[in-house]
Amino acid sequence: MKSPLFYLAESVTETASLNEETSKHISGVLRMQIGDRISLTDGKGNLHEAEITDHHKKKVKARILHSSFRPRKHSHQIIACSLLKNTGRFEWFIEKSAELGIQTIIPLLCERTEKQTLRFERMQQILVSAMIQSEQAYLPHLAHPALFHEVIQQQNVQHKFIAYCSEDTSIPHFKTLINRNDSSMLLVGPEGDFTLAEINDALNKQFVPVSLGDNRLRSETAAITGAVLMTML
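Cut-offs used in this document
- Residues numbered from 1 in each chain as written.
- Predicted model: local features only at pLDDT ≥ 70, side-chain atom pairs only at ≥ 80, totals over all residues.
- Heavy atoms only, no water.
- Helix = DSSP H or I, 4+ residues; strand = E, 2+ residues; numbered from the N terminus.
- Buried < 20%, exposed > 50% of the residue type's maximum accessible area, 1.4 Å probe, protein only.
- Contact = heavy atoms within 4.5 Å.
- Salt bridge = Lys/Arg side-chain N within 4 Å of Asp/Glu carboxyl O.
- Expected span 1.5 Å × (residues − 1).
- Pairing = 2+ DSSP bridges.
- Axes fitted to C-alpha atoms, helices over the stretch in contact; angles between N-to-C directions.
- Parallel < 35°, antiparallel > 145°, perpendicular 65-115°, else oblique.
- Nonpolar A, V, L, I, M, F, W, Y, C, P; charged D, E, K, R; others polar.
- Phe/Tyr/Trp six-rings, centres within 6.5 Å; stacked < 30°, edge-to-face > 60°.

A. The overall build of the chain, seen in detail. Helix and strand content of the chain: six helices and 12 strands. Summarising its shape, the C-alpha atoms of the chain cover approximately 65 × 35 × 30 Å along the three principal directions. Burial status across the chain gives 47% buried among its 233 residues. Intrachain contacts of the chain at a sequence separation of at least 6 include 75% that bridge at least 24 residues.

Structural data, given as structure tokens:
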């Protein structure tokens, strides 16, 4: 039986002390005992197999038995998506992007972005939970909300894409251009889409326009569609 995986932010060598929330889950929910095996990750590719030595409900301790490093499966993939009016939809996007293996998520502040703030700590917790649930060893980097015009100037990646609503049938589908062996960034706009000025500014910064299909998608659906293509192809 596979050992359950938990997140431990700090580096460990011989022993590990887990925080109160994780300890409560191990001792109270899973009812694990001394001698049971667990797996730990720091979210940076390091994995540890450990044995519980103290199962106190507020501070479980474990002895490290074996450590290894898991290399990334693909190059750096970034999605910059506008904050959404419905917080739950943005949280869904954050969660699913983490499960798929997106490495960096940038909340965008565009001209038509209605919501300007983000509960950063809650989003971080969602990312940790998604990483653990999907049994990954890498925690995505969540940037603080950034202005659209700042983001398009600062990114240093091999390929830069922008998805927006258009009647132009000559715009290529994203799946024909994306290569997960190359670093890439995808921009997705708010509910009202990017403004024409924003689109032109991005194109002037060498962002390539892409289509995500014939259907008109919600912002969070468009972002997840992009995430699937960036990590699965």
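So much for the structure itself; the text now carries on.
B. Focus on the pattern of salt bridges. Scanning all chains against the criterion turns up eight salt bridges. Here Lys24 ties to Glu20 by a salt bridge, and the two come within 3.2 Å at their closest N and O atoms. One end of the pair, Lys24, and the other, Glu20, are both in helix α1 (residues 20–29), four residues apart, so they sit about a helical turn from each other. Using a relative accessible area of 43% as the deciding quantity, one classes Lys24 as partly exposed. As a salt-bridge pair, Arg122 and Glu91 come within 2.6 Å of each other at their nearest N and O atoms. One end of the pair, Arg122, is in helix α3 (residues 120–133); the other, Glu91, is in helix α2 (residues 87–100), and 31 residues separate them in sequence. In this structure Arg122 comes out as partly exposed when scored by relative accessible area, which is 33%. One network of salt bridges, in which partners are shared, links Arg37, Glu51 and Arg63.

C. View of helix α6 (residues 219–232). Over its 14 residues, α6 runs 20 Å from end to end, which matches the ideal 20 Å to within 8%, given 1.5 Å per residue. Of all 14 residues in α6, 10 are buried, a share of seventy percent or more. Burial in α6 covers these residues: Ser219, Glu220, Ala222, Ala223, Ile224, Gly226, Ala227, Leu229, Met230 and Thr231.

D. Expanded view of the sheet that holds strand β2 (residues 15–17). Spatially, five strands are ordered β1-β3-β4-β5-β2 in an open sheet, and the strand pairing comes out mixed. Each having just a single partner strand, β1 (5–7) and β2 make up the two edges of the open sheet. Within the sheet, the average angular offset between the axes of one strand and its neighbour, ignoring direction, is 40°. Sheet analysis places strand β4 (residues 46–56) next to strand β5 (residues 59–69), joined by 10 bridges and oriented antiparallel. For Ile52, the partnering residue across the bridge sits in β5 and is Ala62. The strands touched by α1 are β1, β3 (37–41), β4 and β5; relative to β4, the strand with the most contacts, the crossing angle is about 70°. Each of β1 and β3 is contacted by α3, which is oriented at about 155° to β1, the strand it contacts most.

E. Looking closely at the packing of α2 against α6. Closest axis-to-axis distance for the α2/α6 pair is 10 Å, and the angle between their directions is 5°. With respect to α6, the axis of α2 lies roughly parallel. Note on element contacts: α6 touches α2 through Glu220, Thr221, Ala223, Ile224, Ala227, Val228, Thr231 and Met232, opposite Arg89, Trp92, Phe93, Lys96, Ser97 and Leu100. A breakdown of the residues in the contact of α2 with α6 according to their chemical character gives eight nonpolar, three polar and three charged.

F. Spatial organisation of the packing of aromatic side chains. Evaluated as defined, the whole model comprises four aromatic pairs. Measuring from ring centre to ring centre gives 6.5 Å for Phe69 and Tyr138, while their planes differ by 85°; the resulting arrangement is edge-to-face. Of the two residues, Phe69 is situated in strand β5 and Tyr138 in the loop between α3 and β8 (141–142); the sequence distance between them amounts to 69 residues. Judged by its relative accessible area of 13%, Tyr138 is buried. Look at Phe148 and Phe194: their rings are 5.3 Å apart centre to centre, the planes differ by 50°, and that puts the pair in the tilted class. One end of the pair, Phe148, is in helix α4 (residues 148–154); the other, Phe194, is in the loop between β11 (184–188) and α5 (196–204), and 46 residues separate them in sequence. When its relative accessible area of 1% is taken as the criterion, Phe148 is described as buried.

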